[in-house]
Amino acid sequence: MNIEELDQIAESVRQENAKYDHEINVCMDLACASQGAGQVKEALGKAVLASGQRVLVRRTSCMGPCSAGPLVAVDPEDTLYRHVKASHAEAIVGCLGKEPVPELQCDLREHFDQQMRVVLENAGHIDPEKIDDYIAREGYKALVTALTESSPSDVIQLLTESELRGRGGGGYPTGLKWGTVAKAGGDLKYVICNGDEGDPGAFMDRSVMEGDPHRVIEGMAIAAYAVGASKGFIYVRAEYPLAVARLTTGLREARRRGLLGNNICNTPFCFDVEIRLGAGAFVCGEETALIASIEGRRGNPKPRPPYPAVSGLWGKPTLINNVETFANIAPILRKGGEWFSSMGVGRSKGTKVFALTGKIMNSGLVEVPMGITLRQIIEDIGGGVPDGHQFKAVQTGGPSGGCIPNEHLDLQVTYESLVQVGSIMGSGGMIVMDDTSCMVNVARFFIEFCRSESCGKCIPCRAGTAQMHTLLTRICDGSGSMSDLELLEDLCVTVKEASLCGLGQTAPNPVLSTLRYFRNEYIEHIANKRCPAGVCAIQVPAEVMA
Amino acid sequence: MALYPMPSLPSEDKRWKIVSGAMRKNGYARHALIETLHTVQSSFGYLDDDSIRFVARSLRVPLSQAYGVATFYHYFSLKPPGKHTVTICAGTACYIKGSDALVETAEKHLGIAAGETTQDLSIGLVKARCVGACSRAPVVMMDGEVAGEMSGALLIEQLERWAVE
Amino acid sequence: MSVTVDVKTLVIDGREVSARAGDTVLEVARENGIPIPTLCHLEGLSSIGACRLCLVEIKGSRKLFPACVTTVEEGMEVSTTSERLKKHRRTILELLFTERNHICSVCVANGHCELQALGQEQGLTHVRLPYRNPLLTVDASNERFTADHNRCVLCTRCVRVCAVIEGAHVWDVSGRGIESLVITDLHQPWGESTCTRCGKCVQVCPTGALFEKNKVGTDHPKHPEFLPYLNLMRGAQ
């Protein structure tokens, strides 16, 4: 495979598509599919046939605003239809080239204008099961160019210039990580893609793995070239069967085209990838636990150092990066490190995909440049809190993060700023809460999660999260005391500072952040046996305590 | 020196060939344990002592280590599933949109706690961590099919539909 | 040509000490009579850094480091005790005492139990956390030994000694988190498992969780000294 061949494939796809006057892209991602997108696509196909027009009906990936699904996009009209049903098919086909169907059309200009699509640049434009669609949009150009025109250190240099940081939550400089693995000795090294996406409320990685699998594969191949690895693994959680299927198809297609396997592009570079299934353990998103899982063992983390970059899978130097991190690699190689670092602010460059959910008008995936404010994301892009309720807090970073209240809505979203206000960037989950949420109950929810996901190896996390859960449950049901609160805060310190891995070390964060901004709710539960939001089932009514 | 004998298939059931095939595909390597347990669960619905023993012996993994792996990962079930399974997502977005109430409704209606199966083994109730369809919260999976914006009433309706079968 | 041993000098609690490259902070501290509390660590078994009792402070970082797995570096400045470390040690012990049912007065290990000794060393006089009182079993199916899960601290010494030293790997951990349990084979009664009855797990168990039958009252001292001896003999072969 070389650049000319890639261009030829791209050209033949363009010629094929040029035969059609219109393109109807139907989102078949999980959310839309569960609302009948399959039937919509079938109906559209039939309607097109009946109309005799030359229209391409294509299955695509998540376009973003999932709460408006099933979504259908029509080109070249640049029309977006929402809540489409199979019965609308005829109307949609009938309106091609004319005024769009009024009741289905959605104008989400506010939603899309402030977004910047890098990771999601192919969303809505390609069929994820067709490698040629990906190639037609500059797919695999970066890999082929890197293999034939750049050295591994050139690639790492470019990554370093881009200032890309790990998108899984750690925010570790990617160029630095790759450089460390590249420098490690030995001729057997591994590249692992972390597709575990354990944070509840996050589905960015699922969307990329399902909707643009080749993007991930290309990123991994470029990484393998840069660090000197010949084998790769994609660790996908078992709860994402469609992602596994799409990646399997993608790998097969890439091999067929000579983009994976031995002597890729007639160079000495050999690389192939295997998929490994997770099995329901959030802790396996942690690097050393993930490695243990691939080795077929219990997902217990190990103390670091030694770091996986030096001694990882089966003791060999291993590069582990998140799905979204890999999804940024090809664009950076194509457009340059400076292009990437021109987006964003401070030390947070490029874009970030967020899964905006909860009490929000436009729920779904959004990709924004770093440095955008929370208010812009929640109010402009998200459309604000619906049904006349008031915004209360936005939770970021999953069970390792915190809740950010109203007073910080004008915060610029960067790795550092989120830490300053008591949360973290995390993998990108962003859950909006309104006045109907009880923040003490939210803290209890997250601690319960950590308690059940704790691997059990170290005492502070295993027993600490269990005790914190007991104390929070007491406070929630009205039987908590001020000494319980004191004990809770004390435990937070030990669990945070003494735990072995990131799960335990960050488990207290939701508790600490809700105590920082919503301490009054805790006091209300304890002193007056009352839940201000009316959520907690108080067992001990205030009158009885008097 | 006699090589360690490969255990024979536990029964004539054709599904054991699928399990054996999965192990062979991975060269009977120890690290294939989790993948193989996945195959057992997708073929038989759950993992029982015999299947864990068979896989452990075939891959030459100590029995207790195989058991430790089978019980560490919550995706694996050591109990037979019900004829139908209702999975209520308890992820953050679904929690914010009321999954707690759905779990309570289901538990009360079926008379079992989450993680259990009804006495007649017809319906199993499972709480999942996040299925990734957060924009349709609260999400419930009925026999693996995603149903979003679920309400207590709709849930009971579906459960009753299963009950009359 | 001279034989070079890579020597490192570091400071522990204000004292200058010397070490070999590759030594852990714990090894060097113990060589120099500087006490660091441990529980999951046992000389002769691999160190796993799980109990977190051996955490020490190292100048230049806000993080805490498990001494049993942290290798020494030239010029390192280690602090093995401070208010912060004392607080964490006491809390970890409190978490242990309230996690399961540790009732010294009726336990065979009363008087020679490592958990008890740690409590005394760290000055633990009372416990603030609520007692969990979980329902745990006693397995007396093995004709030579008994396993009382109420007294287990999940240090996994039994798992490590059986897997690596005896080579039988009868013990492992099932479940996860607070629901973890050490089990034999497929969670079968100990007496019906592939256990070789060698007794190594009993000797390395720090509490009265694993103990020998046919011994009177609290006359159950443990003798894990066979471990470093075995390793020494193996190394000499």
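Above this text is the structure in question.
Each value, and the rule that gives it
Each chain has its residues counted from 1, following the order in which its sequence is written. Labels follow written order: the first chain is A, the first ligand is 1, and so on. Predicted model: local features are reported for residues with pLDDT of at least 70 only, side-chain atom pairs are reported and counted for 80 or more only, and whole-chain, interface and lining totals are derived from all residues. Note: side-chain values were computed over all heavy atoms of the structure, leaving out hydrogens and water. Starting at the N terminus, helices and strands are each numbered in turn, a helix being any DSSP run of H or I of at least four residues and a strand any DSSP run of E of at least two. Values of the radius of gyration come from C-alpha atoms, whereas the globule rule sets the reference at 2.2 Å times the count of residues to the power 0.38. Relative accessibility thresholds used throughout: buried, under 20% of the residue-type maximum; exposed, over 50%; partly exposed, between the two (1.4 Å probe, protein chains only). In what follows, residue pairs with any heavy atoms lying within 4.5 Å of each other are defined as contacts. Method for areas: the Shrake-Rupley scheme with a 1.4 Å probe, in which residue coverage is limited to the protein chains shown. Pairs of strands are assigned from DSSP output, requiring at least two bridges between the strands. Axes here mean lines fitted to C-alpha atoms, for a helix over just the part in contact, with angles spanning 0 to 180 degrees between N-to-C directions. An expected span of 1.5 Å times one less than the residue number is assigned to each helix. Ring pairs shown here join Phe, Tyr and Trp side chains whose ring centres sit within 6.5 Å, with only the six-membered ring taken for Trp; geometry is labelled stacked below 30 degrees between planes, edge-to-face above 60, and tilted in between. As a reminder, the over-ring test applies to NZ of lysine and CZ of arginine, requiring each to be within 6 Å of the ring centre and within 35 degrees of the ring normal.

J.: Explanation requested: the overall build of chain C in the structure shown.
T.: A tally of regular secondary structure across chain C gives six helices and ten strands. Taken against the 2.2 N^0.38 rule, which gives 18 Å for 237 residues, the C-alpha radius of gyration of chain C at 19 Å falls within 12% of a compact globule. Dimensions of chain C, computed from C-alpha atoms along their principal axes, come out at roughly 60 × 50 × 35 Å. In chain C, buried positions account for 55% of the 237 residues. The long-range share in chain C, meaning contacts at least 24 apart out of those at least 6 apart in sequence, stands at 59%. When the accessible surface of chain C is totalled, it reaches about 11,000 Å², and 54% of it is carbon and sulfur.

J.: Explanation requested: the sheet that holds strand E4 (residues 64–66) of chain C in the structure shown.
T.: One key point about sheets: their strands pair by backbone hydrogen bonds, in either a parallel or an antiparallel sense. Residue and element names in this part refer to chain C. The strand order across the open sheet formed by five strands is E2-E1-E5-E3-E4, and the pairing between neighbours is mixed. The two strands at the open ends of the sheet, each matched to only one other strand, are strand E2 (15–20) and E4. Geometrically, the sheet is characterised by an average inter-axis angle of 40° between neighbouring strands, direction not taken into account. By the bridge criterion, two bridges tie strand E3 (residues 55–58) to strand E5 (residues 77–79) in an arrangement that is antiparallel. In the strand pairing of E5, Ile58 is matched with Val78.

J.: Whenever I open this one, helix H19 (residues 459–476) of chain A confuses me. Can you help?
T.: In an α-helix, one turn spans 3.6 residues, which is why side chains three or four residues apart end up on the same side. Residue and element names in this part refer to chain A. Helix length check: H19 (18 residues) gives 25 Å between terminal C-alpha atoms against 26 Å at 1.5 Å per residue, within 8%. Buried residues dominate H19, accounting for 15 of its 18 residues. Among the residues trailing H19, Gly478 stands out with phi positive, at a value near 90°.

J.: Help me out: how do you make sense of the environment of Ala527(A) in this one?
T.: For Ala527(A), the location among the structural elements is in helix H22 (residues 509–527). In sequence terms Ala527(A) and Ser479(A) are 48 residues apart; their C-alpha atoms lie 9.7 Å from each other.

J.: What exactly am I supposed to notice about the packing of aromatic side chains here?
T.: Working definition: an aromatic ring pair is given by the centre-to-centre distance plus the angle between the planes. Enumeration according to the criterion identifies 16 aromatic pairs over all chains in this entry. Note on Tyr190(A) and Trp314(A): the rings are 5.8 Å apart at their centroids and 65° apart in plane angle, and the pair reads as edge-to-face. One end of the pair, Tyr190(A), is in strand E5 (residues 190–195); the other, Trp314(A), is in the loop between helix H13 (287–294) and strand E8 (318–322), with 124 residues separating them in the sequence. By relative accessible area, Tyr190(A) is classed as buried at 9%. With a centroid separation of 4.9 Å and an interplanar angle of 70°, the aromatic rings of Phe72(B) and Tyr73(B) are classed as edge-to-face. Note on accessibility: Phe72(B) and Tyr73(B) belong to one class, buried. An aromatic cluster of at least three residues, connected via ring pairs, comprises Tyr190(A), Phe233(A) and Trp314(A). Of note, Lys352(A) hangs over the ring of Phe354(A), and the distance from its end group to the ring centre comes to 5.7 Å. Of note, Arg176(C) hangs over the ring of Phe72(B), and the distance from its end group to the ring centre comes to 5.7 Å.

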